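Observations on the three-dimensional arrangement
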Amino acid sequence: MYNGHRQLWDELKLYSRTHVFSKKWLTSVTALLYYLFLLTPSAWTAPSNDTVASRDNRDSITSYFYTPYAFGTQGKYNPGDFFINGGFGIWQFSDNRKIFDVPYEAEWKHTWESLSHPMHAIEQFGVKEWFTSEIVPTSLDLKHGQYFPNYFLHVIGAGMQSRKMEEWYRYNHVPYPRVCSIITMLCEHFFEEMIEDGGGRGLNEDPVSDYYIFNPAGILFFLNNDVCRFFSEKLSLNEWSLQPSINTLNGNLENMGQFYVAKLPLERTRTWGLIAYFGMQELFGVTRTFGGDKSLSITGGVIVNSLGAADISTSQKAYTANLRWSAGAFYDVKNSLLMSLVVTGAEHNRFRLNVFPGFFRVGALSPGVFIDNTGEWAAGLSVRYCPLGVAL
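Computed from a predicted model, the values in this text were never measured in an experiment. In every chain, residue numbers begin from 1 and rise along the written sequence. Residues qualify for local features only when their pLDDT is at least 70, as the model is predicted, and side-chain atom pairs are given and counted only at 80 or more; totals for whole chains, interfaces and linings, by contrast, use all residues. Values shown for side chains rest on all heavy atoms present in the structure; no hydrogens or waters enter the calculation.

Notes on helix α12 (residues 225-234)
Operational definition: Categorising residues by exposure relies on relative accessible area from a 1.4 Å probe, with only protein chains included: less than 20% of the type maximum marks a residue as buried, more than 50% marks it as exposed, and the intermediate range marks it as partly exposed. A run of H or I in DSSP counts as a helix once it spans at least four residues, and a run of E counts as a strand once it spans at least two, with each numbered from the N terminus. Here, the arc refers to the directions that run from the helix axis to the C-beta atoms. Two residues qualify as a contact provided that any one of their heavy atoms is within 4.5 Å of a heavy atom in the partner residue. Pairs of N or O atoms within 3.5 Å make up the polar contacts considered here, provided that, within protein, one atom can donate a hydrogen while the other can accept it, and that residues adjacent in sequence are counted only when both atoms are side-chain atoms.
Residues of α12 that are buried include every one of V227, C228, F231 and S232, and no others. Take α12 and look down its axis: the buried residues cluster within an arc of 115°, on one side only. Away from the buried face of α12 by more than 90 degrees, exposed residues D226 and K234 are located. Contacts from the buried residues of α12 go to α9 (147-171) and α11 (205-221). For α12, the N-terminal capping position is held by N224, with its side-chain oxygen 2.8 Å away from the main-chain nitrogen of D226.

Some thoughts on the confidence of the model for the protein chain
The line we're drawing: Per-residue confidence from the prediction method is given by pLDDT, with values spanning 0 to 100.
Of all residues in the protein chain, 80% attain a pLDDT of 70 or more, and the chain-wide mean is 84. Counting interchain partners and residues more than four positions distant, the pLDDT-below-50 stretch residues 15-60 has 60 contacts.

Here's the deal with the side chain of D197
The topology assignment puts D197 in helix α10 (residues 177-197). Of the residues examined, D197 reaches a relative accessible area of 5% and is grouped as buried.

With respect to the pairing of strand β4 (residues 260-265)
Cut-off, in case you're wondering: When DSSP finds two or more bridges between a pair of strands, those strands are recorded as paired.
Both strand β1 (residues 238-239) and β4 contribute to a ladder of 2 bridges, which runs antiparallel. Counted as the bridge partner of N238 is V261 from β4. Alignment of β4 against strand β5 (residues 272-278), held across 6 bridges, turns out to be antiparallel. Across the sheet, residue A262 finds its bridge partner in β5, namely A276. Where β4 folds back on β5, the antiparallel hairpin that results is connected by 6 residues, among which R270 adopts a positive phi of roughly 60°.

Focus: the nonpolar core
So the rule is basically this: Take the buried Ala, Val, Leu, Ile, Met, Phe, Trp, Tyr and Cys residues and link them wherever side-chain atoms come within 4.5 Å; each set so joined is a nonpolar core.
Among the nonpolar cores identified, the biggest contains 31 residues, and F88, W91, I195 and L253 are the most heavily contacted of them. At the level of secondary structure, the elements contributing two or more residues to this core comprise α6 (104-116), α7 (118-125), α8 (127-135), α10 and α11. Element by element, the count of residues in this core is highest for α10, at 5 residues. Excluding residues that lie within four positions of it along the chain, L253 makes contacts with I84, F88, W91, R97, I99, P244, S245, I246 and L388. Counting residues in hydrophobic clusters, the runner-up holds 13 residues, among them Y64, F65, L237 and A262.

Section: the pattern of salt bridges
Selection rule: Salt bridges are counted wherever a side-chain nitrogen of Lys or Arg sits within 4 Å of a carboxyl oxygen of Asp or Glu.
All told, the structure shown has 10 salt bridges when counted by the stated rule. Across the pair E166 and R170 runs a salt bridge, and its minimum N-O distance is 3.1 Å. Note that E166 and R170 are positioned in helix α9 at a spacing of 4 residues, about one turn of the helix. R352 is paired through a salt bridge with D372; the nearest N and O atoms lie 3.5 Å apart. On the criterion of sequence distance, the pair formed by R352 in strand β10 (residues 351-355) and D372 in strand β11 (residues 368-373) is long-range, its members being 20 residues apart. Classification of R352 by relative accessible area gives buried; the value is 6%. A residue is classified by how much of its surface remains accessible, and D372, at 0% relative accessible area, is buried. Put simply, E166, R170 and R178 are held in one network by salt bridges that share partners.

So, the layout of surface pockets
The line we're drawing: Whether a set of points on the 1 Å grid over the protein atoms alone is a cavity depends on a 1.4 Å probe fitting there but being unable to get out, while an open set qualifies as a pocket with protein on both sides within 12 Å along at least five of seven lines; lining residues are those with an atom within 4 Å of a point. Grid points are joined across faces, edges and corners, and a volume is the space filled by probe spheres set on the points. By the convention adopted, Pro, Cys, Tyr, Trp, Phe, Met, Ile, Leu, Val and Ala count as nonpolar, Lys, Arg, Asp and Glu as charged, and the other residues, Gly among them, as polar.
There is about 460 Å³ of room inside the second largest pocket. Residue assignment for the lining of the second largest pocket shows that the elements contributing at least two residues are β4, β5 and β6 (281-290). Residues that form the lining of the second largest pocket fall into these classes: 9 nonpolar, 12 polar and 5 charged.

Overview of the pairing of β6
Pairing geometry for β5 and β6, over 7 bridges, is antiparallel. The residue of β6 that forms the bridge with F278 is E282. Two successive antiparallel strands, β5 and β6, enclose a turn made up of 2 residues.

Description of empty space enclosed by the protein
As enumerated under the stated definition, the model contains 3 cavities of 30 Å³ or more in all. As a volume, the largest cavity reaches approximately 60 Å³. Around the largest cavity, the lining residues are L242, F259, Y277, Q281, S340, V342, N349, R352 and N354. For the lining of the largest cavity, the secondary-structure elements that each account for two or more residues are β9 (336-344) and β10. The residue inventory of the lining of the largest cavity, partitioned by class, reads 4 nonpolar, 4 polar and 1 charged.

Here it is in structure tokens:
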């Protein structure tokens, strides 16, 4: 790094440690204002109740990603479901998932410290390594590939989530839906970084990158209607997350995870296409549409088995993903997932069958069910309006 750049970096780091981020209340206000900056003036105006609207007004309230179906992943979608699946998603390759044993206070403090001293956190990690592995793609090597989740999960995935959450709030007549969506995303992102931190990593550059760069970038990206139209209509981007449940026998959180799907039609009739299912595992395959709105997809790929220390001389805090094979089959109606079966070579994620509400009925009820093996077998039930099910 040139002397001029080094001097500028040192000044920014010193300023962040002694002035801007020195008071906790000022940090929270700064972060809140930073996210509120993402709001356009239209966010503060309640949507029109007019049934006849101009083309521009229709575009401003079009629902690109949320559809209020009574079945599948769309029927299960709500802020609580999103918060649990996203916040605890890192636990998919953990055998200790007891939500009441988490050192929340320590994790809060560590994440807060990292976000309060971003320059110092980045320098401890290594400025060059941070820039080349998290910001600018320079290598396909996994140990330098943190940009993969940054761009695909935080920009595209979380960006889509922010727009879908806004559409959910608007459909349910919550005032100022964009404001509520931004606040929901802000809180979930912070909680997610807490759980990923684990309470023992000290200053960490990862929440700095996610919270201050990639998550806001995703929200900004999906404020644009043309972007939403492209991802919704051309790629069928949406969320196919799981059905989190509490195991009443051991207190573990079961069957949680945030996943996304994208489909690329191969011909005009949209009968055959390519599919990508991504989150803590990346699956690719083919999808076949039949009966007008039903689809069956067969996929294969890799899943994260664990996170291990990366062999990088410039940083002792870099992590890389250890991967295993994975395969999955998916059945959806109108891009709302109704059933999925995933088998893998991962230690804590070997088998998972999910049947979502709407697939079958028992009298007047249509529950969701799952069976999984994360080292031991578990089964559970979920219902549409409750973000947390019950498992045994």
